[in-house]
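Coordinates in review
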Amino acid sequence: AQSVTQLGSHVSVSEGALVLLRCNYSSSVPPYLFWYVQYPNQGLQLLLKYTSAATLVKGINGFEAEFKKSETSFHLTKPSAHMSDAAEYFCAVSPNTGGFKTIFGAGTRLFVKA
Amino acid sequence: DTGVSQDPRHKITKRGQNVTFRCDPISEHNRLYWYRQTLGQGPEFLTYFQNEAQLEKSRLLSDRFSAERPKGSFSTLEIQRTEQGDSAMYLCASSRDGLEAFFGQGTRLTVV
C-alpha cells in the first residue's frame, strides 16, 4: 500500500524567499515520486520526478527535491520564490514495479507575498 | 502533439441526468487514467486502461460510473443518474508505460 502526506495545506512566503514544501510517503515497494503543480482551473503539470537514479532531482522553474529514504521524505524546494510560483502543489507516489496507479497527496497551496 | 485533451471543459447538469466526458490522450500513449478531484483535495484515482483493457477500477467508482476506451485511443467516462456528490473536476491523464503521467485540463462537473 502507498500513501502520501503533505505537511501544511497552506504555505506563505515572501517574494525572493526560500520555498519549502514538505512531503512524506509510505510505500511497501521502492517508489517513484513526483511533484506536480496546478494553477486554478487547470490540469496538473509535472515539476519533477524521482525514479531511483540521483536522489537530488532538479525540475522545471528552478524547483528541486531530494529523496531521503531514511526519512521517507521528498521535500520540494526553490531558493527564491517568484510571484508566478503561487499555485497548488501535489506530491505523488507510484510503485516502481511498473505500477499504474499514482497516489496523490492532498496538496499544499503556496502563496507568494510581494 | 497537443497534449491530453478533455471535452467538455465545463458541464452543468440536473440531478438524475446522465453525462459523458471524453478524453483524447497523447498519441501512442498506451496508458490512460481517470481521476476525480474535489475542492481542496488531491486527485483520486478512478480507473485505468492499458490500451483498450480496463485493468483496475477504484472502489470510488460506483455502478453509476462506466468508462470505455474502445480502440485503445480516446476514452469516455459516463455517469448515470448524477447526484450532487458527483460534482467535481474529472481529470484524464495518459502515459507511456506507466511512468510520467500527462494530465488534461479537466472537465468540471456541477450537478444542480
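Read on for an overview of the structure.

About the criteria used
Residues numbered from 1 in each chain as written. Chains lettered and ligands numbered in written order. Predicted model: local features only at pLDDT ≥ 70, side-chain atom pairs only at ≥ 80, totals over all residues. Heavy atoms only, no water. Helix = DSSP H or I, 4+ residues; strand = E, 2+ residues; numbered from the N terminus. Rg over C-alpha atoms; globule rule 2.2 N^0.38 Å. Buried < 20%, exposed > 50% of the residue type's maximum accessible area, 1.4 Å probe, protein only. Contact = heavy atoms within 4.5 Å. Areas by Shrake-Rupley, 256 points an atom, 1.4 Å probe, with all protein chains shown as cover. Disulfide = S-S within 2.5 Å. Salt bridge = Lys/Arg side-chain N within 4 Å of Asp/Glu carboxyl O.

Moving on, we come to the overall build of chain B. A count of helices and strands for chain B gives zero helices and 11 strands. Secondary structure elements of chain B, listed N to C terminal, follow the sequence β-β-β-β-β-β-β-β-β-β-β. Taking 2.2 N^0.38 as the reference for a compact globule, 112 residues should give roughly 13 Å; the C-alpha atoms of chain B span a radius of gyration of 13 Å, in line with that estimate. The dimensions of chain B, computed from C-alpha atoms along their principal axes, are 35 × 25 × 25 Å. Each of the 112 residues in chain B was classed as buried or not, and the buried ones make up 48%. Residue pairs at least 24 apart in sequence account for 52% of intrachain contacts in chain B once pairs closer than 6 positions are excluded. Carbon and sulfur atoms form 43% of the exposed surface of chain B, whose accessible area is close to 5700 Å².

Attention shifts here to the state of the cysteines. Every disulfide links exactly two cysteines, by a covalent bond between their sulfur atoms. Using the criterion set out here, one finds two disulfides over all chains in the structure. Put simply, A:Cys23 and A:Cys91 are joined by a disulfide, and their sulfur atoms are 2.0 Å apart. Taking the sign of the S-S torsion, about -65° here, the bridge from A:Cys23 to A:Cys91 comes out left-handed. One end of the pair, A:Cys23, is in strand S3 (residues 19–27); the other, A:Cys91, is in strand S9 (residues 87–95), and 68 residues separate them in sequence. Residue pairing for B:Cys23: its cysteine sulfur links by disulfide to B:Cys92, the two sulfurs lying 1.9 Å apart. Sign of the S-S torsion, about -70° for the bond between B:Cys23 and B:Cys92, identifies this disulfide as left-handed.

Residue and element names in this part refer to chain B. Overall, the coordinates contain seven salt bridges over all chains when judged by the stated rule. For Arg-22, the salt bridge goes to Asp-24, with nearest N and O atoms at 2.7 Å. Three or more residues joined by partner-sharing salt bridges are found here, namely Arg-64, Glu-83 and Asp-86.

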